[in-house]
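A look at the structure
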Amino acid sequence: MTDLESVQEFRVSKDLLAAVQVLFEARGADGMELVAYLAGKIADQHLLVDTLAIPKQTGLPVEFGCSLHIPGSEFTRIGTQLRDRDRIYCGGIHSHPDEAFHSAADDRSPTMRFAGALSIVVPDFGARGTLTKKTAVFRFDGVRHRWRPLSQSAWRRMLREVEAPVTILGPE
């Protein structure tokens, strides 16, 4: 199996993006962010992102926006479901109320901090789409152990929208 860091192209199901946008907008109507995990299967130098895993999460209003709490047991539950489907985590996608950026909390989150992982931050609770010119995309650098922002041209080359069926794993 090829490791995630060597993947040069992520082929993302258009249906997955449409589904996550609906979820972002619904959660955003309540003033809350939403986090979802992306998973797929590696083939050659690309990964087909065809699975969206939604962990159980609690929105927490904070002084300057909102935050989330995800129980640790959710990572084990989702990881088991992905292994059973022969899929691997490849990153996360989450919404922000306004601007898309990696917050200090995003940088510290241990859930997706592994070499080659993607972190996609969607502004405006997804109201204008998911992969827009205002979206921010980061890739975890396994050598420097930090998130590296990708330019819009870089992530547009790396993320390809494709027709593919999608599996959605919801919270229990």
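Scroll up a little and you will see the structure.
Note on numbering: residues in each chain are counted from 1, in written sequence order. Two thresholds apply to this predicted model, a pLDDT of at least 70 for residue-level local features and 80 or more for giving and counting side-chain atom pairs, whereas whole-chain, interface and lining totals are computed over all residues. With hydrogens and water stripped out, all remaining heavy atoms of the structure feed into the side-chain values.

Here the focus is helix 2 (residues 73–84). Put simply, DSSP marks the helices as runs of H or I at least four residues long and the strands as runs of E at least two long, and each gets a number from the N terminus on. By this rule the span expected of a helix is its residue count minus one, scaled by 1.5 Å. With 12 residues, helix 2 ought to run about 16 Å at 1.5 Å a step, and its terminal C-alpha atoms sit 17 Å apart, in line with that. Listed in full, the buried residues belonging to helix 2 are Glu74, Arg77, Ile78, Gly79, Gln81 and Leu82. Residues of helix 2 that are buried sit in contact with strand 2 (35–43), strand 3 (46–53), strand 6 (88–95) and strand 11 (167–169). Just downstream of helix 2, Asp86 is the residue with a positive phi angle, here 60 degrees. To sort residues, take the accessible area from a 1.4 Å probe on protein chains only and compare it with the maximum for the residue type: under 20% means buried, over 50% means exposed, and anything in between is partly exposed. Every residue pair with non-hydrogen atoms within 4.5 Å of one another is taken to be in contact.

Attention now goes to the pattern of salt bridges. Counted as salt bridges are all cases of a side-chain nitrogen of Lys or Arg within 4 Å of a carboxyl oxygen of Asp or Glu. Under the definition given, this model contains eight salt bridges. In this structure, the salt-bridge partner of Glu74 is Arg77, at a minimum N-O distance of 2.7 Å. Taken together, the residues Glu74 and Arg77, both in helix 2 and three residues apart, mark about one turn of the helix. Judged on exposure class, the residue Glu74 and its partner Arg77 are both buried.

Secondary-structure assignment places Asp86 in the loop between helix 2 and strand 6. The exposure class of Asp86 is partly exposed, given its relative accessible area of 48%. Along the sequence, Asp86 and Gly40 sit 46 residues apart, while their C-alpha atoms lie 8.2 Å from each other. If sequence neighbours within four positions are ignored, Asp86 has contacts with Gly40 and Lys41.

Attention shifts here to the pairing of strand 2. Among the nine residues that make up strand 2, seven are buried, leaving the element largely enclosed by the rest of the structure. We treat two strands as partners when DSSP finds at least two bridges between them. Pairing analysis gives six bridges linking strand 2 to strand 6, with the strands arranged antiparallel. Residue pairing across strands places Tyr37 opposite Gly92, the latter belonging to strand 6. Bridge analysis of strand 2 against strand 3 gives seven bridges, and the strand direction is antiparallel. Its bridge partner lying in strand 3, Leu38 is registered against Leu52.

Any functional reading would require information that these geometric values do not contain.
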